[in-house]
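Take a look at the letters that make up each chain.
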Amino acid sequence: MGDVPSIGSPVRRKEDMRFLTGQGTYTDDINRPGQLYAYVLRSPHAHAAIGSIDSAAAKAAPGVTAVFTGHDMVADGVGGLPCGWQIHSKDGSPMVEPPHMPLVTDTVRHVGDPVAVIIADTREQAEDAAELIEIDYRVLPAVVATTDALTSGKPKVWDTGNLCYDWEIGDRAAVDAAFAKAAHVTKLDLVNNRLVANPMEPRAAIGDYDRGTGDYTLYTTSQNPHVIRLLMGAYVLHLPEHKLRVVAPDVGGGFGSKIYHYAEEAIVTWASAKVKRPVKWTADRSEAFLSDAQGRDHVSHAELALDADGKFLALRVETTANLGAYLSTFAPAIPTILYATLLAGTYTTPAIHCAVKAVFTHTIPVDAYRGAGRPEATYLLERIVDMAAAETGIDPGELRRRNFIPRDAYPYQTPVALNYDSGDYFATLSMAQEAADYAGFPARQAAARAKGKLRGIGMATYIEACGIAPSAVAGALGARAGLYETAEVRVHPTGSVTVFTGTHSHGQGHETTFAQVVADGLGIPIEQIEVVHGDTDKIPFGMGTYGSRSLAVGGSAVVKAIDKVVAKGRKIAAHLLEAAEADIEFRDGKFQVAGTDRSKSFAEIALAAYVPHNYPIETLEPGLDETAFYDPKNFTYPSGCHIAEVEIDPDTGVTKIVKFTAADDFGRIINPMIVEGQVHGGVAQGIGQALMESCVYDPVSGQLLTGSYMDYCMPRADDLPSFDVATNTTLCTHNPLGVKGCGEAGAIGAPPAVMNAVINALKPYGITHIDMPATPQKLWRLIADHTPFPVAAE
Amino acid sequence: MATPVSMKVNGKTTSASVEPRTLLVQYLREHLGLTGTHIGCDTSQCGACVVHVDGVSVKSCTMLAVQAEGATITTIEGLANDETLHPMQAAFREHHGLQCGFCTPGMVMSAVDLVRHNPKPSDPEIREWLEGNICRCTGYHNIVKAVKAGAEAMGGSASHG
Amino acid sequence: MYEFSYQAPTSLAAANAAIAAAEDGKLMAGGMTLIPTLKQRLARPSDVIDLSKITELKSIRREGNTLVIGAMTPHAMVADSSVVKEAIPALAALAGNIGDPAVRNRGTIGGSICNNDPAADYPSALVALGATVKTDRRSLSAEEFFTGMFETALELDEIVTSVSFPIPEKAAYAKFPNPASRYAVVGVFVAKTGGAAKVAVTGAGASVFRAIEMETALAKSFSATALDGIKTPEDGLNSDIHASAAYRAHLITVMAKRAVAACG
């Protein structure tokens, strides 16, 4: 193939040229002729009854075309935003699924709940007019904290109460029996702090109704345009798919927060038809804080039973998960299917039981954020394992090795539903320890002590379930849709190729990675391949990008489509070369008669397929354009080990990450440059969760106290170190590329690694656990309140 | 209320009549169609909107268009000519210093201003300078590498941008 | 933003006239606080009077043992000025650590001190160095000038023209930034002139204040250890989700010691 880049090369990204020169097309960069601007008026209260809404003055304000409230949408038959996943409680009853109207009518349930939309010639005019709307709010008490939701006497978010479901997984009796014979039990209470995803591009949406054709187009900042079309078309606005096009153009990051169908998408699409003009809405950052689904927010109690040798006998977990005021699209799945099933981690723990109560509070809805359930599981597990190591005096690395799933045990069935296909946790732990110079830590710690700094080292191993999802498994677990993926490979007459994928790239570099897969598969240069995504009018179907699924599921669909193209090409070649089809080999971009030098290039076959003057037209249709659907057989199981080394300044409580090492197993790697970038970004977000980020509400009023970058602590360049990353490869056994997924690993491995390091650094103070984020103030307080042991006693 | 404003943007004289409350970034994006300059926050912290005003980096979301009367502005679109990339843009591509691309224009404009200030910045100096540019994708690792390489490629020359 | 009228006078006299004539006018220096405030609709001035075209207000010069900085001098210019670096390097360092580079290119010393944000850096330098604030009509000592949270002794239409800093023997500034906003949670400016020392604290209280007990200790022995055991009372200190009053009180001592140590 010569200069054809192959799988495994750090090919520079095809998409970069437009992003580097300001030529990207993000949703807010799009302007439609005659476009108006929408401003969404939001609740200033966490909980209030709406008496009346007087919008007469706003309607008369300069530049205003219309003001709509929830009543207008109800009168038009607009439905509620649907939830895509149904969980059943342990008693068999379905989860509580409250209505979720795009604009509320009678009660607001969180600060930022949308109440009215003002449509005007400019955004400023719409906002000016919004101030003229008089709403008679009767403020009601709110329930805010996760731990308050089920306390009797607290306000109710819904008439049915604050419990959404009470779910469990695992064998409680087996767990109880194992605990009864344990030599040691480690107990831990911990919180997984609520986060805000904060992609740098705030959400935006443009509804564009064409009066002439009756067609609707929605441009939106989405990770999965087809799912938005399905949900909004079928459930909310009752528009058939052939009249509704959803375009997700360049999207400036998502991290989960742009998976869901949001109220504003339905509002602008519906309003565009009402006012017969395109309607654009763009969130500013403050609005994003009040309207983007948030992440995490678990409160858990965990107990780990060990035998005298440090083997894990059983794990018992009780978790309360805060879902906010409404069910976001995938919310119910996160603290259940994507959380409790991961509690085996990398270990052979034979008995596991996890009970999850999901609760409503008067806060912004919570859904998947990078990792989605898996970081919560990993954080809990790797904290309690480290705590067990400290309590039993076994080295944390050694304790993990004693409990790792053996290399020869795959496929490995865990007690919490998953079946791991491959992995080697020993290898990644050793790689990470070596790269981190784990053995040299005591000397570095001593040197730090001499400077008055507290130095600690911490590790975490992780496993994730990615490649979401095998449809049958997802369906059995409550998904209301299968989660396969689609690809179309369209070969053009002169041999260039357009690939249409149902996944969506918003930073992941699919245009490059997928092109590499096709370049290898068809033996053509990457410059001849274009990857298209994000437009329901162009791509047959798709489930979008989340859960590190794109390459494992979408890339596999591409491979299937390539296989079909090659199979057809072989038939055409057989005809042209007057050989038997079975004798045609396809290699290095050539169809060749085996054992001869007679061949046709890929481009020649493509031309023959479209301009068929010598073609088996009786038996074979012309054209070379194949579509494939791929439904994975199983999840994929990326794994790895992360090690953090920190230095804490006891005078201020400031933690500095002095070294961060990641050793990951992502299966086959298509583009190592892109994969490393994904690890860096995930680790940065994981460090953010561990040390900096926290979404804080006033516990009484429900006001969001961290509603801008003035208070929500985003990691900046000078907060972070450079990262040392490496990979070990065990192939996924059930997809054609052998790939596992890499997008979430950093956000999963980093929080427990960092927290284990922080707690390790504070060991002389007798501190055994700290909830995230380990802010300077929190650490200073702890250090001030504890007397250190003499260092010699260490 | 509309006030006339005129400024040179990427070498071209531009003018419009704007409300005084129009921000420079709105003027660039909405009046001139230069949508490479982005808006990522409303508290002057993220730096997605950084452009050069009279040769220095400025957050165009925190400056009124009328304040730029008579000024010379360079945006990401004007950093390089035609098909060639500015050495800093090329370094970002080479070192994978961008993912979603949203913070990238501001990041590149800040980086170019850094090199004008400090032709050979160290890693900590780069990290400190980029304090006002938030990236959520890259973890900054590759941005730091890119800026260092970009600075080297610029050869300390202050003539670009 | 609400609508407003915009004027950019080119002389101090024209600016005085404009602010006097405006119904509810607001003077704008670099706009680094005012514009975000307007964007959030937290202020609704009838007129914004931009002082940036008054070139006489943008200057740095040394007059004998005094450093004079024009009110409209941006932080970046102070940070990079060889005159400032030679006369009061701590002041250049302080200016070079306000906000971020793009903010420093627009934000000005005059704007910063007139806003008197409790978390701003400059007020501590003015108080510790015993600076004099010159306005279009009078001179005020720094301690007279800063009167409370977001409050100064300025009259509604009064315009600051420059700040004069006596050049100290030694000085240093140590700041503990808010991890999110990067504003000062606690900033301590220490200046030594002859046998006297001044310690001014920003970020911790409603407005900048002097740590008298520390000053007394430093007058006896100008060393970080002289501050050992000196505790600032928590009463009246700011408290928020990032830093309680107790934490701020603690940080005052830590930052003061670091500033003294940095004085060398």
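Residues numbered from 1 in each chain as written. Chains lettered and ligands numbered in written order. Predicted model: local features only at pLDDT ≥ 70, side-chain atom pairs only at ≥ 80, totals over all residues.

Brief notes about the overall build of chain B
The secondary structure content of chain B amounts to five helices and five strands. Along chain B, from the amino end to the carboxyl end, the secondary structure elements read β-β-α-β-β-β-α-α-α-α. Computed over the C-alpha atoms, the radius of gyration of chain B is 15 Å, within 12% of the 15 Å expected from 2.2 N^0.38 for a compact globule of 161 residues. Dimensions of chain B, computed from C-alpha atoms along their principal axes, come out at roughly 45 × 30 × 25 Å. (Helix = DSSP H or I, 4+ residues; strand = E, 2+ residues; numbered from the N terminus. Rg over C-alpha atoms; globule rule 2.2 N^0.38 Å.)

A short note on the overall build of chain A
Helices and strands together make up the secondary structure of chain A, namely 19 helices and 28 strands. Overall size of chain A, expressed as C-alpha extent along the three principal axes, is 90 × 75 × 50 Å. Considering only contacts within chain A whose residues lie at least 6 apart along the sequence, 81% involve residues at least 24 apart. (Contact = placed C-beta atoms within 7 Å.)

Details of the sheet that holds strand E1 (residues 36–42) of chain A
Residue and element names in this part refer to chain A. Taken together, seven strands build an open sheet; the order of strands is E3-E5-E1-E12-E9-E10-E11 and the sheet is mixed. Edge positions in the sheet fall to strand E3 (64–69) and strand E11 (244–247), since each has one partner strand and no second. Each neighbouring strand pair of the sheet contributes to a mean axis angle of 20°, computed without reference to strand direction. Alignment of strand E9 (residues 204–210) against strand E10 (residues 215–220), held across six bridges, turns out to be antiparallel. Across the sheet, residue Ala 205 finds its bridge partner in E10, namely Thr 220. This element, helix H4 (residues 123–130), spans E1, E3 and strand E5 (114–120) of the sheet and lies at about 30° to E1. On the sheet, helix H7 (residues 263–275) packs against E1, E3, E5, E9, E10 and strand E12 (279–282) and is oriented at approximately 30° with respect to E9. (Pairing = 2+ DSSP bridges. Axes fitted to C-alpha atoms, helices over the stretch in contact; angles between N-to-C directions.)

A closer look at the interface of chain B and chain A
Taken residue by residue, the interface counts 44 residues in chain B and 42 residues in chain A. Looking at the side of chain B that touches chain A, the elements with two or more residues in it are helix H2 (87–94), helix H3 (104–117), helix H4 (123–129) and helix H5 (141–154) of chain B. Taken together, the residues of the side of chain B that touches chain A break down into 20 nonpolar, 15 polar and nine charged. (Nonpolar A, V, L, I, M, F, W, Y, C, P; charged D, E, K, R; others polar.)

Observations concerning the sheet that holds strand E3 (residues 47–50) of chain C
Residues and elements named next belong to chain C. Spatially, the three strands line up as an open sheet ordered E1-E3-E2, and their pairing is parallel. In the strand order of this sheet, the two ends are held by strand E1 (5–7) and strand E2 (25–28), each with one partner. When the angles between neighbouring strand axes are averaged without regard to direction, this sheet yields 20°. Relative to E3, E2 runs parallel, the two sharing four bridges. In the sheet register, Lys 26 faces E3, and the bridge partner there is Val 48.

What about the packing of H3(B) against H5(B)?
Residue and element names in this part refer to chain B. Close contact between H3 and H5 brings their axes to 10 Å; oriented N to C, the two are set at 50°. As judged from the angle between their axes, H3 and H5 are oblique. As for how H3 packs across H5, the hand of that crossing is right-handed. Residues Met 107, Ala 111, Leu 114 and Val 115 of H3 touch H5, and the partners they reach there are Ile 143, Val 147, Gly 150, Ala 151 and Met 154. (Parallel < 35°, antiparallel > 145°, perpendicular 65-115°, else oblique. Left-handed = near helix turned anticlockwise from the far one by under 90°.)

Some thoughts on the interface of chain C and chain B
On the chain B side, the residues contacting the 21 residues of chain C number 24 residues. Here the side of chain C that touches chain B gets five residues from one element, more than from any other, and that element is helix H6 (residues 101–106) of chain C.

Quick word on the packing of H2(B) against H3(B)
Residue and element names in this part refer to chain B. Two numbers describe how H2 lies on H3: the axes approach to 10 Å, and their chain directions differ by 125°. One element, H2, and the other, H3, form an angle in the oblique class. Relative to H3, the crossing made by H2 is right-handed. For the pair H2 and H3, contact is made by Met 88, Gln 89 and Phe 92 and by Thr 104, Val 108, Ala 111 and Val 112, respectively.

Focus on helix H1 (residues 12–21) of chain C
Residues and elements named next belong to chain C. Listing the buried residues of H1 in full gives Ala 15, Ala 18 and Ile 19. Buried positions in H1, seen along its axis, are confined to an arc of 95° and lie on one side of it. Turned more than 90 degrees off the buried face of H1, the exposed positions are Ala 13, Ala 20 and Ala 21. Looking at the packing, one finds that the buried side of H1 touches E1, E2 and E3. (Buried ≥ 20, exposed ≤ 12 C-beta atoms within 10 Å, placed from the backbone. Arc of directions from axis to C-beta.)

Observations concerning the environment of Ser550(A)
All names here are of chain A. Topologically, Ser 550 is positioned in helix H15 (residues 550–576). With 30 C-beta atoms packed within 10 Å, Ser 550 lands in the buried category. Along the backbone, Ser 550 and Glu 485 are 65 residues apart, and their C-alpha atoms lie at a distance of 8.4 Å. Residue contacts for Ser 550: discarding those within four places in its chain leaves Thr 503, Gln 508, His 510, Thr 545 and Gly 555.

Some points on the environment of Gly507(A)
Relative to the helices and strands, Gly507(A) is located in the loop between strand E20 (497–501) and helix H14 (510–522). In this structure Gly507(A) comes out as buried when scored by C-beta crowding, with 30 C-beta atoms within 10 Å. Counting along the chain gives 70 residues from Gly507(A) to Asp437(A), while the straight-line C-alpha distance between them is 32 Å. Excluding its chain neighbours within four sequence positions, the residues that come into contact with Gly507(A) are Gly253(A), Gln99(B), Cys100(B) and Cys137(B).

Section: the pairing of strand E2 (residues 48–54) of chain A
Each regular strand shows side chains that alternate between the opposite faces of the sheet. All names here are of chain A. The pairing of E2 with strand E4 (residues 107–108) spans two bridges and is classified as antiparallel. Bridged to Ala 49 within E4 is Thr 107. Examined bridge by bridge, E2 and strand E6 (residues 134–139) share five bridges and lie antiparallel to one another. When the bridges of E6 are listed, Ala 48 appears paired with Val 139.

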